[in-house]
Amino acid sequence: MRAEIVATGDEIRTGALVDSNSAYLADLLELNGIEVVRHHAVGDDMEVLVDLFGEVSRRADVAVVTGGLGPTQDDLSTAAAARAAGVQLIEDSRALAEIEAFFKTRGRPMNPSNRKQALFPDGARVLYNRMGTAPGFQVTIGGCLFFFMPGVPNEMRVMFEEQILPALQTLQGKARQFRMVRVISTFGLPESAVGEKVAAIADLFPDVKLGLRAKFPEIQVKLYYNALNEERGRARLAEALQWAAGQLQPHVFSQNERSMAAEVGELLRQRGATLALAESCTGGLVANWVTNTPGSSDYFLFSAVTYANAAKVQVLGVQPETLNRCGAVHEETAEQMAAGARRVAEATYGLATTGIAGPDGGTPEKPVGTICIGLATPDTVLSRRVTLSFGRRLMNKKLFAMLALDLLRRHLSGTLK
């Protein structure tokens, strides 16, 4: 089954609004064995919409359309669908009642323009919207089954998952394919090196499709498999996943799409360990990532953004002579910051970052992109220095935060050298 996705609206066409709907729909359609062959972004123009719907109807089995179902004059999708199908618009009494009830429950009168949202192409199946005022609908144009949904993401997602996806699965019947995807998340290798390490998968697993995605600062390896039998497909994909992950160690930090911070958190939880942070150049980014994980209060105790040298001394107990002799960006300073955070919080581990994010502030000895990471454990204090600049301050901060968490991950998993 081949599908095309249409996102409507001038704000989509001009790039003023990021089209997250199409990405969401493509992902779910592919996972359900429906091949997405084209994406379209089209503005609020009646003639263009009618022409496009006609073109799509001659190529695709299914089309999903978002946007243009509102009450205003530039919401043209419904009328354009009727013209493309060669039918009239008719009012649906249930849809009208639900729109009126939507406003009544909120204590507001329904505007006359909202009545337009109860009009549908003759013969269409209405998709009622329990999240808003814009019902969707299903209609056949030519040889293609079209599904029209509102452009508001939360309304569209509920409608698609509850009403459209089950209908598509029923249409597929016994021919339904299971589109399976597994993701290996890596850190520490460039995309080219990752690709070289797993290139042999094409020969070893010719039925598995390989994809690489740069999601800075990580590189994801995606393995795709289509199967008529879900159980056999999962077994085959697991075999390919095990091989690929083995080629990429010790740079693999997740095989289930969890973030680095979430993986570190799980390692801490498994050990009944706790964490304290001391950040300078990352400005609290590590703490933000750690606390984005639900349940992080089980292991995360303390964070100090000690940007100034005085704060490093007064809060963390960094020795003034260390700062005078080595400077703020140095392995010894990072070690004392980590040890101070661990001591203050009475945590199992202390992790610290100090570096030069740029774009200025670098020297020949310590150029922009230099990061010193300190890790204090129950047994020792260690540090690492890395210089690897991506030219932009935020990118450097993200890289620094990832390097720090990866150092702790490797220590916890026993792969640190």
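Since this is a predicted model, take the numbers as computed values, not measurements.

1. A short note on the nonpolar core
Point 1. Counting residues in each nonpolar core, the largest one holds 35 residues, and the members touching the most others are Leu268, Leu275, Leu277, Tyr349, Leu351, Leu405 and Leu408.
Point 2. Counting residues per element, the ones that place at least two in this core are helix H10 (260–271), strand S13 (275–279), helix H11 (285–291), strand S15 (349–355), strand S16 (370–376) and helix H15 (393–413).
Point 3. Counting residues per element, this core draws most heavily on H15, at ten residues.
Point 4. If we skip the residues at most four places from it in the chain, Leu408 touches Val264, Leu275, Tyr349, Leu351 and Leu375.

2. Remarks on the packing of helix H2 (residues 20–31) against helix H6 (residues 153–172)
For any two helices packed against each other, one specifies the crossing angle of their axes together with the interaxial distance.
Point 1. Orientation of H2 relative to H6, taken along the N-to-C sense of each, is 25 degrees, at an axis distance of 11 Å. The orientation of H2 with respect to H6, classified from their angle, is roughly parallel. As for how H2 packs across H6, the hand of that crossing is right-handed. Here Ser20, Asn21, Tyr24, Leu25, Leu28 and Leu29 of H2 lie close against H6, whose contacting residues are Pro153, Met156, Arg157, Phe160, Glu161 and Leu168.
Point 2. Residues of the contact of H2 with H6, tallied by class, amount to eight nonpolar, two polar and two charged.

3. Quick word on the sheet that holds strand S17 (residues 381–387)
Point 1. Read from one edge to the other, the open sheet built from five strands follows the order S14-S13-S15-S16-S17, with strand pairing classed as mixed. Looking along the sheet, the strands with just one partner apiece sit at the ends: strand S14 (300–305) and S17. When the angles between neighbouring strand axes are averaged without regard to direction, this sheet yields 15 degrees.
Point 2. Strand direction decides the pairing type here: S16 and S17, joined by seven bridges, are antiparallel. Each residue of the ladder has a partner; that of Ile371, found in S17, is Val386.

4. Details of the pattern of salt bridges
Point 1. According to the stated counting rule, one finds 16 salt bridges in the structure shown.
Point 2. With a shortest N-O distance of 3.1 Å, Arg94 and Glu98 are connected by a salt bridge. You can see Arg94 and its partner Glu98 sitting in helix H5 (residues 93–105), four residues apart, about one turn around the helix.
Point 3. Judged by relative accessible area, Arg94 falls into the partly exposed class, the value being 46%.
Point 4. Residue classification places Glu98 among the partly exposed residues on the basis of a relative accessible area of 32%.
Point 5. Residue Arg269 is joined to Glu266 by a salt bridge in which the shortest nitrogen-to-oxygen separation is 3.1 Å. Taken together, the residues span about one helical turn, with Arg269 and Glu266 both in helix H10 at a distance of three residues.
Point 6. The class for Arg269 is partly exposed, based on a relative accessible area of 34%.
Point 7. Connected via shared salt-bridge partners are Glu4, Arg38 and Arg59.

5. Points about the sheet that holds strand S12 (residues 252–254)
Point 1. Strand order across the open sheet formed by four strands is S10-S11-S9-S12, with antiparallel pairing between neighbours. Each edge of the open sheet is held by one strand with a lone partner, namely strand S10 (209–215) and S12. In this sheet, neighbouring strand axes are inclined to one another by 35 degrees on average, regardless of whether the strands run parallel or antiparallel.
Point 2. When strand S9 (residues 178–186) meets S12, the two strands line up antiparallel, connected through two bridges. Within S12, the residue paired with Thr186 across the bridge is Val252.

6. Points about unusual backbone geometry
Point 1. Note the cis peptide between Phe216 and Pro217, where omega equals 5 degrees.
Point 2. Within the secondary structure, Pro217 is located in the loop between S10 and strand S11 (218–227).
Point 3. Of note, the bond from Gln249 into Pro250 is cis; its omega dihedral lies within 30 degrees of zero at 5 degrees.
Point 4. Examined against the element boundaries, Pro250 turns out to sit in the loop between helix H9 (230–248) and S12.
Point 5. Of note, Glu257 is a non-glycine position whose phi angle comes to about 65 degrees, a positive value.
Point 6. Within the secondary structure, Glu257 is located in the loop between S12 and H10.
Point 7. In this structure Glu257 comes out as exposed when scored by relative accessible area, which is 57%.
Point 8. Positive phi is not limited to glycine here, since Glu346 has a value of about 55 degrees.
Point 9. The residue Glu346 is located in the loop between helix H14 (331–345) and S15 in this model.

Rules used throughout
- Residues numbered from 1 in each chain as written.
- Predicted model: local features only at pLDDT ≥ 70, side-chain atom pairs only at ≥ 80, totals over all residues.
- Heavy atoms only, no water.
- Core = buried A, V, L, I, M, F, W, Y, C linked by side-chain atoms within 4.5 Å.
- Buried < 20%, exposed > 50% of the residue type's maximum accessible area, 1.4 Å probe, protein only.
- Helix = DSSP H or I, 4+ residues; strand = E, 2+ residues; numbered from the N terminus.
- Contact = heavy atoms within 4.5 Å.
- Axes fitted to C-alpha atoms, helices over the stretch in contact; angles between N-to-C directions.
- Parallel < 35°, antiparallel > 145°, perpendicular 65-115°, else oblique.
- Left-handed = near helix turned anticlockwise from the far one by under 90°.
- Nonpolar A, V, L, I, M, F, W, Y, C, P; charged D, E, K, R; others polar.
- Pairing = 2+ DSSP bridges.
- Salt bridge = Lys/Arg side-chain N within 4 Å of Asp/Glu carboxyl O.

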